[in-house]
Structures are given as C-alpha cells and as structure tokens.
Amino acid sequence: MIKRTIFLLIILFTGMYQLSAQTQKVLIVTGGKTPDKENFYNLFSELSYDTISKPAAFALFGSDKLKVYKAILFYDTYQPINDEEKNNFLKIFENGIGVFFLHHSIVSHQEWDEYEKIVGGKYFHQKYSDEGKVYGPSTYKHDQDFIVKISDNTHPVTKGLSNFEIHDETYLNYRVKKNVEVLLTTDYRESGEILGWTHTYNKSRVVFIMLGHDKAAFHNKNFRKLIKNSFNYLLSN
C-alpha cells in the first residue's frame, strides 16, 4: 500500500511538472518585416505563445503583463525607438526573462548603442570603426548553401547537434561583442564567421542565432533543434 502511494505521488508530481513546463508562456515579437506566417510559426507549435509586433510591443514591455512571459523571441527589423520605449525594453532584462534574438533581429534599432550590448552584436547599415579599423557596411546574400559548425556541443543550446548543412541567407561585416560565448561558426567565405552565441545581459540569459531567413531554414531539422534547445535553455532559468 505504501509503495503504491509513493508511486502514485511520483506520477502526480511528474505530471504537474510536465504540465508546468508546457504552459510556460512565450512571447514572439515581430515588426519591420512580415514573416512567412505559415512556416515561421510552425517552429513553435509545441510552445504556448502570444504574438505582438513593434511598436505595440513596447507598451507591453512596460506593463505588469510582461511578467506572464518566461521567454521572448525577437524576429524583427524595427528601427524607431524613443526614450520611453528604451526604458520599457530594458524592463525585460530587469525581470530576468530569457530572450532569444533570431536572424534579422540583429539589424533592429541602428541608432541605439545599448541594443548592440543587449544582443551581443550588430549588423551595420553604415560603415563603422572598431579598434582603429573601418568596416562595413554590413551586407547579406540570399540562397547560400553552407556548413554550420558547432563550437561547443556541451552547451544546452547545441546539445545533440553536430556540424550540419543549411540553405539560408548569410550576413557579412557585422560585429560580435567579445564577451559572448560562441556556439556556432562557419568558414564559408560569403558569411561572417560567428553565427550564434549566448551571454547574459542584466538578469537575463540571451541567445542569438544568425540563421532563419525563410522556409528553407525553418524546415531544416538541425535548425529546428536549435530553436527547441534555445527555448529549453531560456525557460529552465
């Protein structure tokens, strides 16, 4: 009888844990470009999520409703941001919410210097200088076939992955901050070297993945695993 009771309690608590994990709410933020809704949102079919676009998202970031979310994905290229919106944006990181920047989100908010520190890198519309050298502007190339290399297969974001091929858009001449932990690279000549990283900004874990332009990437099984692993990592904090 005692063994049966213990067994039932284990089943009960295990079920409660799985239910809790499944109901952790995620927010997906777009803006600037309209995503391929059918293929893009299919990436998140196993998640409980809400969607919103900038600039409406800034008001949400500054409200008590923000605390509903355990992780936020940015897939935007939105530019304008005023001082109030900056302050609201920073509240995400004051609350320790996990943040996932995907693909062209690195292009957003070109005029806000803090954004580069938040993401861990920047795509530049204009030429820029770094340690006395002039680079850029950043460029892109559609429909490239290249190998993604796993820099650290012990990290939760890359766990279970090995080097893989993908058909995707590449970026060149962007800058990556030196304090990030590099997860993905490539030696493809039409791309910058570093394709993915993680770091901490204020109280939040941050993941950035350069991949993910369109359905060719969205249906790549290795890319989909990166998405799943990234959310598991951010939601486990």
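Going by the structure above, here's the rest.
An account of the accompanying structure is given in this report. (Residues numbered from 1 in each chain as written. Predicted model: local features only at pLDDT ≥ 70, side-chain atom pairs only at ≥ 80, totals over all residues. Heavy atoms only, no water.)

## Some points on the pairing of strand 12 (residues 194-201)
When you tally the buried positions in strand 12, you get 7 out of 8 residues, the bulk of the element. Bridge analysis of strand 11 (residues 181-185) against strand 12 gives 4 bridges, and the strand direction is antiparallel. Within strand 12, the position partnered with E181 by the bridge is T198. As judged from the 6 bridges shared by strand 12 and strand 13 (residues 204-209), these two strands associate in the antiparallel manner. Bridge pairing in strand 13 places H199 opposite V206. Between strand 12 and strand 13, which pair antiparallel in sequence order, lie 2 residues; one of them, N202, sits at a positive phi of approximately 55°. (Buried < 20%, exposed > 50% of the residue type's maximum accessible area, 1.4 Å probe, protein only. Helix = DSSP H or I, 4+ residues; strand = E, 2+ residues; numbered from the N terminus. Pairing = 2+ DSSP bridges.)

## Structural notes on the packing of aromatic side chains
On inspection of all chains with the given rule, the structure shows 27 aromatic pairs. For the pair F40 and F44, a centre-to-centre distance of 5.1 Å together with 80° between the ring planes defines the contact as edge-to-face. Each member of the pair F40 and F44 is classed as buried. Between F44 and Y49, the aromatic rings sit 6.2 Å apart at their centres with planes inclined by 70°, giving edge-to-face as the arrangement. Relative accessible area serves as the criterion here: at 28%, Y49 is assigned to the partly exposed category. Aromatic rings pair up to connect F58, F61, F74, Y78, F89, F93, F101, W112, Y115 and Y201 into one cluster. (Phe/Tyr/Trp six-rings, centres within 6.5 Å; stacked < 30°, edge-to-face > 60°.)

## Description of the side chain of T30
The residue T30 is located in strand 1 (residues 25-30) in this model. In this structure T30 comes out as buried when scored by relative accessible area, which is 5%. Residue contacts for T30: discarding those within four places in its chain leaves P35, Y41, I52, S53, K54, Y75 and D76. (Contact = heavy atoms within 4.5 Å.)

## Describing the nonpolar core
If you look at the biggest cluster of nonpolar residues, it comprises 70 residues, and the most contacted ones within it are F40, F61, F89, I92, F101 and L211. Considering each element in turn, this core owes the most residues, 7 residues, to helix 7 (residues 221-235). (Core = buried A, V, L, I, M, F, W, Y, C linked by side-chain atoms within 4.5 Å.)

## Observations concerning the sheet that holds strand 9 (residues 164-172)
Strand order in the open sheet made by the 9 strands is 2-1-3-4-13-12-11-8-9, with mixed pairing throughout. Looking along the sheet, the strands with just one partner apiece sit at the ends: strand 2 (48-53) and strand 9. Here the average twist between neighbouring strands, direction ignored, is 30°. With 4 bridges connecting them, strand 3 (residues 69-74) and strand 4 (residues 98-102) associate as parallel partners. Its bridge partner being in strand 4, F74 is matched across the sheet by F101. (Axes fitted to C-alpha atoms, helices over the stretch in contact; angles between N-to-C directions.)

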